[in-house]
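# A closer look at the structure
Spelled out from the first residue to the last, the chains are:
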Amino acid sequence: MRDLGVGFKYLVSGQRWVAAHGKAFGLGLIPGLVTLVLYAGALVGLFLWGDDFVGWATPFADDWGSPWLGLFRGFLTALLFGLSLLLAVVTFTAVTLLIGQPFYEELSEQVDRDVSPDGTAPVSDLPLWKELWISARDSLRIVARAAVWGVLLFGLGFIPVVGQTLIPVIGFLVTGFFLTEELTAVALQRRRINVRTRLQMLRDRRMMVWGFGTPLALAFLVPFVAVFLMPGAVAGATMMARDLMGEDQKPSGSVADADAAAG
């Protein structure tokens, strides 16, 4: 259970780091704002035409009487919108990181140098186009995995009681895990850690991952919050990546300092 608190403390430390580095914070907002506009349009469209989509997808219920038809399709529409929100949280991070690759790469390197005892940071020697290609390829793999989980949880949502209580909790844990993978990938990709190894590293520290990613997933559901938390989330994930790699950190970037930040 200690790891659960450690993950949350890295999240807090990351937000404090960007608060103390205003220029990095400002640059880190730009990709999130661009992605927010794109996603807001998509969600508004789903909200306006979600009923029509559900009606088209369930022609077998056209002859149902009232109130069952309304209740059935209303439930499916709400479930569809909720699932879309969860998937939006995961893909928002992937798309934002892809759009803002140069911004977040620089931010992550600054954090690495700041918390490294010798003031150095791993630097990628790959050209930008190749970094973007690797990032896009790995993001698609993660989004595909998240989509499989989303479809599974969507189906389990039909189970009475469990579907309305336990399944949403599992959904946020899953979302938090994949969010953390996307964010730590910025620092781990510079260390030439491939996606399969990254996933195994995160599975080995599930509690820390949930402590970091699940509160973030919940916060990302609030409009505009994701944009403002993204720079700090990248910073905190960089500190977590150093922990996963077993790399030393100066007290200013350590969990001990995060204790003081959270306390």
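Refer to the preceding data block for the structure.
This text gives an overview of the structure that appears in the document. No experiment lies behind these values; they were computed from the predicted model shown. Here the residue numbers are simple positions, counted from 1 along each chain's written sequence. Residues qualify for local features only when their pLDDT is at least 70, as the model is predicted, and side-chain atom pairs are given and counted only at 80 or more; totals for whole chains, interfaces and linings, by contrast, use all residues. Excluded from the side-chain calculations are hydrogens and water; all other atoms, namely the structure's heavy atoms, are used.

Attention shifts here to the side chain of T180. Its place among the elements puts T180 in helix α6 (residues 162-190). Only protein chains enter the calculation, and the probe is 1.4 Å; a residue is then buried if its accessible area is under 20% of its type maximum, exposed if over 50%, and partly exposed in between. For T180, a relative accessible area of 0% puts it in the buried group. The residues contacting T180, other than those within four sequence positions of it, are L202, V209, F212, G213 and M240. Labels follow the DSSP assignment, with helices taken as runs of H or I lasting at least four residues and strands as runs of E lasting at least two, numbered in each case from the N terminus. Residues are treated as being in contact if the distance between any of their heavy atoms lies within 4.5 Å.

Glancing now at α6. Expected helix span is taken as 1.5 Å per residue step, with the number of steps being one fewer than the number of residues. Look at α6: 41 Å from first C-alpha to last across 29 residues, which is about the 42 Å you get at 1.5 Å a residue. The seven residues ending at a residue and the seven starting there each receive a fitted axis; the angle between those axes is the bend at that residue. Most pronounced at T184, the bend in α6 amounts to some 40°. Following α6 by one or two positions, R192 adopts a phi angle in the positive range, close to 65°.

The phi angle at R192 is positive, at roughly 65°, despite the residue not being glycine. Judged by relative accessible area, which is 54%, R192 ranks as exposed.

Only residues whose relative accessible area exceeds 30% and that take part in no salt bridge are eligible for patches, with like-charged residues grouped when within 9 Å of each other and nonpolar side chains (Val, Leu, Ile, Met, Phe, Trp, Tyr) grouped when within 5 Å. Only the protein chains shown count as cover for residues, with accessible areas throughout obtained via the Shrake-Rupley method and a probe of 1.4 Å. Every case where a carboxyl oxygen of Asp or Glu lies within 4 Å of a side-chain nitrogen of Lys or Arg is listed as a salt bridge. Among the surface-exposed residues, L27, I30, V34, L38, I99 and F103 lie close enough to one another that they form a single nonpolar patch of about 490 Å² accessible area. Examining the composition of the nonpolar patch, we find that four residues originate from one element, helix α2 (residues 22-57), more than from any other. Assignment of secondary structure puts V34 in helix α2. Among the residues examined, V34 registers a relative accessible area of 41% and is labelled partly exposed.

The next subject is the pattern of salt bridges. Counting across every chain of the model gives eleven salt bridges. Across the salt bridge formed by E105 and R190, the nearest N and O atoms sit 2.9 Å from each other. One end of the pair, E105, is in helix α4 (residues 101-115); the other, R190, is in helix α6, and 85 residues separate them in sequence. Its relative accessible area of 9% is what places E105 among the buried residues. The partner of D243 in a salt bridge is R205, with the nearest N and O atoms 3.4 Å apart.

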